[in-house]
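Given next are the chains, with one letter for each unit.
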Amino acid sequence: MERDREEFAEEIGSKEERKIKARRERARGIWFGLGMMGVIGWSVAVPTLIGVAIGVWIDTRYPGPISWTLVFLSAGLILGCVNAWYWVKKEQIEIEGRRPEIEERTSDE
């Protein structure tokens, strides 16, 4: 009888810990998601704007048949997209790295 109560108390305690952790991570998830949108946006915008600035500078110094602004705009955009992909992949690996720990706890039920 005493053993049943201890097991029951442990089970209730572990479920409560999981519930609290899930609530905490959900709140973090909203701010984390907004932060990631900002990081991804800036990781695309900054290289693109730098590419435009370099292209405009080259076009004003050395005019020619090629629009260096468009060339460097495209290069900056591609570099920014690769950069954003890197950040998303990094966060995906980190999230997947945490999952087995959560799944491990839920399988103990």
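As a starting point, this report considers the structure included with it.

**Observations concerning the overall build of the protein**
Consideration 1: Secondary structure assignment for the protein yields two helices and zero strands.
Consideration 2: Pairs at least 24 residues apart make up 64% of the contacts formed inside the protein by residues separated by at least 6 positions.
Consideration 3: For the protein, the computed accessible surface area is about 8,900 Å², with 65% contributed by carbon and sulfur atoms.

**Comments concerning the pattern of salt bridges**
Consideration 1: A full pass over the atoms with the stated rule returns one salt bridge.
Consideration 2: For glutamate 11, the salt bridge goes to lysine 15, with nearest N and O atoms at 3.4 Å. One end of the pair, glutamate 11, and the other, lysine 15, are both in helix H1 (residues 2-61), four residues apart, so they sit about a helical turn from each other.

**Thoughts on the side chain of serine 43**
Consideration 1: Turning to its location among the elements, serine 43 is positioned in helix H1.
Consideration 2: By relative accessible area, serine 43 is classed as buried at 6%.
Consideration 3: Among all residues touching serine 43, those that are not within four sequence positions of it are Gly80, Asn83, Ala84 and Trp87.

**Topic: the packing of aromatic side chains**
Consideration 1: Inspection of every chain in the model, using the stated rule, returns two aromatic pairs.
Consideration 2: Their ring planes at 45° and their centres at 6.2 Å tell us that tryptophan 68 and phenylalanine 72 sit as a pair that is tilted. In this pair, tryptophan 68 and phenylalanine 72 both sit in helix H2 (residues 68-106), four residues apart, roughly one turn of the helix.
Consideration 3: We classify tryptophan 68 as partly exposed; its relative accessible area is 31%.
Consideration 4: Residue class for phenylalanine 72 comes out partly exposed when judged on its relative accessible area of 26%.

**Some points on the environment of leucine 77**
Consideration 1: Mapped onto the fold, leucine 77 is located in helix H2.
Consideration 2: Placed 27 residues apart in sequence, leucine 77 and isoleucine 50 show a C-alpha to C-alpha distance of 9.7 Å.

**What about the environment of proline 47?**
Consideration 1: The topology assignment puts proline 47 in helix H1.
Consideration 2: Proline 47 gets classed as buried once you look at its relative accessible area, which sits at 14%.
Consideration 3: In this structure proline 47 touches Trp42, Gly76, Leu79 and Gly80, once residues within four positions along its chain are discounted.

How each quantity is defined
- Residues numbered from 1 in each chain as written.
- Predicted model: local features only at pLDDT ≥ 70, side-chain atom pairs only at ≥ 80, totals over all residues.
- Heavy atoms only, no water.
- Helix = DSSP H or I, 4+ residues; strand = E, 2+ residues; numbered from the N terminus.
- Contact = heavy atoms within 4.5 Å.
- Areas by Shrake-Rupley, 256 points an atom, 1.4 Å probe, with all protein chains shown as cover.
- Salt bridge = Lys/Arg side-chain N within 4 Å of Asp/Glu carboxyl O.
- Buried < 20%, exposed > 50% of the residue type's maximum accessible area, 1.4 Å probe, protein only.
- Phe/Tyr/Trp six-rings, centres within 6.5 Å; stacked < 30°, edge-to-face > 60°.

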